[in-house]
Each structure stands twice: as structure tokens, then as C-alpha cells.
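# Observations on chain architecture
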Amino acid sequence: ALLVLQSGGGTVTGYGLAAAQLQRLKSRGVKLTVCVEQVAASGGYMMCCTADRIVASPFAVLGSIGVISEVPNAYDRLKREGIEFQTITAGKFKRTVTPTKKITKEDLAKSEQDIGEIFDLFKKFVASQRPMLDIEDVATGDTWFGEDALSKGLCDELATADDVLLDFVDKGYDVYEIAYEPTP
């Protein structure tokens, strides 16, 4: 099967699920080739790395193996405006970093711990799918274009999806296009 993947990433839960679905296909004996025409970064690379073969166009961007969490904090501004926001929780770490409460050192430490654990999971997953990678070298949050991605082992070859499709046709494979377009 050929999957043309274009993704700059997103939530670890969403992309983890998508990667698991690709693994499910492979567990049924489907040989998976992923073509990256433009970008497979962060969660997009999490999906990409499940492939048996990763093909990237020469100027495709791959990598961004890292984790980010951003939460705007309006606590001081709300306080200056005389607005008090109440949050009631049960559980010590139910709400550590939120936009409406004063963030403590303990809150930040817990958030950093959580991000570190997610990062470790991400690295372990990628390393399990692409054992030839030097995971510490590529798990920096950085991205690489085609040639550099190839030399790092983030992809297996440089070509376009059209090149792969033409090769499939030359080999006598049945070629079908399936597209998902959600309703607006």
C-alpha cells in the first residue's frame, strides 16, 4: 500500500492512534510505503516511521521529533482587571498549568515531567519502528530536508509519489486512489 502523507503534526493522542492504525494494517501483511511530498514532522513523522519504506521528495521536510506544550497565561492580566476566576478540582495534579491561575514552581515541574515522559515515549516509538536511526541525534525537535533526512536515516530514498506510482504500475500492481474528505 502507498500512503502519501503530508502533516506537520498535532496531538500525541491523535497521531499515536493514526500510527497504531497503520501498524494494524501492517500486522495483516500489508507492505506499507509512505511518500512524503512536503512534510512529515512531529506526529506526522510518528505515522511515517511505521512504514516498511519511506520515500521523500528532495525538498520534503522530515523530523521534528520532540514535544511542545504551550498554554497562554492571563492570570496577572485578569487580576489587574479585577477578574477572579475559580477552578475547583479533585486530584493534586488535575489542573497544573491553565490560562486562569497563578502558575507555581510545582506546577511547572509537573508539566515538565509530563512533557519529558511523552518525549521518551515518542523517542522509544520511533526507535522501535526505525532501529537504524541514531535516535538521540534526530530527536532534537529539528527538521531536515530530503538529502539530509536521507543521510540521517529518516527516509529510505528520495523520489516523488508519482515516481513510486509509476514503479508500481511498471511492476503490474493494481493502483487505486482513495481519498478522505470530511464534510465542512
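Residues numbered from 1 in each chain as written. Predicted model: local features only at pLDDT ≥ 70, side-chain atom pairs only at ≥ 80, totals over all residues. Heavy atoms only, no water.

## Description of the nonpolar core
Side chains that are nonpolar tend, in soluble globular proteins, to be buried together. One finds Val36, Tyr45, Cys48, Leu62, Ile65, Val126 and Leu154 to be the most contacted residues of the largest nonpolar core, which totals 30 residues. For this core, the secondary structure elements donating two or more residues are helix H1 (12-27), strand S2 (33-41), helix H2 (43-48), strand S3 (53-56), helix H4 (105-129) and helix H5 (135-138). Take this core: its biggest share by element is 4 residues, from H2. Setting aside residues up to four positions removed in sequence, Val126 forms contacts with Tyr45, Cys49, Ile65, Leu133 and Ile135. Cys35, Ala159, Val164 and Phe168 belong to the second largest nonpolar core, which has 6 residues in total. (Core = buried A, V, L, I, M, F, W, Y, C linked by side-chain atoms within 4.5 Å. Buried < 20%, exposed > 50% of the residue type's maximum accessible area, 1.4 Å probe, protein only. Helix = DSSP H or I, 4+ residues; strand = E, 2+ residues; numbered from the N terminus. Contact = heavy atoms within 4.5 Å.)

## As for the pattern of salt bridges
Inspection of every chain in the model, using the stated rule, returns 10 salt bridges. As a salt-bridge pair, Arg53 and Glu157 come within 2.8 Å of each other at their nearest N and O atoms. With Arg53 in strand S3 and Glu157 in strand S6 (residues 157-158), this pair connects stretches of sequence that are 104 residues apart. For Glu157, a relative accessible area of 29% gives the class partly exposed. Between Asp114 and Lys110 there is a salt bridge, and its shortest N-O distance comes to 2.9 Å. Of this pair, Asp114 and Lys110 both sit in helix H4, 4 residues apart, roughly one helical turn. The exposure class of Lys110 is buried, given its relative accessible area of 18%. (Salt bridge = Lys/Arg side-chain N within 4 Å of Asp/Glu carboxyl O.)

## Considerations on the pairing of S2
Looking at chain direction, strand S1 (residues 2-7) and S2 are connected through 5 bridges and run parallel. In the sheet register, Ser7 faces S2, and the bridge partner there is Ala40. As paired strands, S2 and S3 are joined by 4 bridges and run parallel to one another. Counted as the bridge partner of Cys35 is Val55 from S3. You can see the chain leave S2, run along H2 and come back into S3, and the turn it takes is right-handed. (Pairing = 2+ DSSP bridges. Right-handed = clockwise from strand over helix to strand, strands pointing away.)

## A closer look at the side chain of Arg130
Positionally, Arg130 belongs in the loop between H4 and H5. By relative accessible area, which is 2% here, Arg130 ends up buried. Non-local contacts of Arg130, meaning those with residues more than four positions away in its chain, are made with Tyr45, Cys49, Ile54, Gly153, Leu154, Cys155 and Asp156.

## Concerning the pairing of S3
Of the pairings in the sheet, the one linking S3 to S6 comprises 2 bridges and is parallel in character. Within S6, the position partnered with Val55 by the bridge is Glu157.

## Quick notes on the environment of Phe122
Within the fold, Phe122 resides in helix H4. Between the C-alpha atom of Phe122 and that of Ser64, which follows or precedes it by 58 residues, the distance is 11 Å.

## Observations concerning a nonpolar patch on the surface
A cluster of nonpolar residues, Val169, Tyr173 and Val175, forms a patch on the protein surface that exposes about 270 Å² of accessible area. Checked against the element boundaries, Val169 lands in helix H7 (residues 161-170). A relative accessible area of 48% means that Val169 is categorised as partly exposed. (Patch = residues over 30% accessible without salt bridge, like charges linked within 9 Å, V, L, I, M, F, W, Y side chains within 5 Å. Areas by Shrake-Rupley, 256 points an atom, 1.4 Å probe, with all protein chains shown as cover.)

## What about H7?
Structural remark: α-helix, 3.6 residues per turn; residues separated by three or four positions point the same way. Among the residues of H7, those classed as buried are Ala161, Val164 and Phe168. The buried residues of H7 occupy an angular sector of 65° when the element is viewed end-on, so they sit on one face. Relative to its buried face, H7 has exposed residues pointing more than 90 degrees away, namely Asp162, Leu166 and Asp170. Where the residues of H7 are buried, they touch S1, S2 and S3. With its phi angle positive at about 85°, Gly172 sits one or two positions after the end of H7. (Arc of directions from axis to C-beta.)

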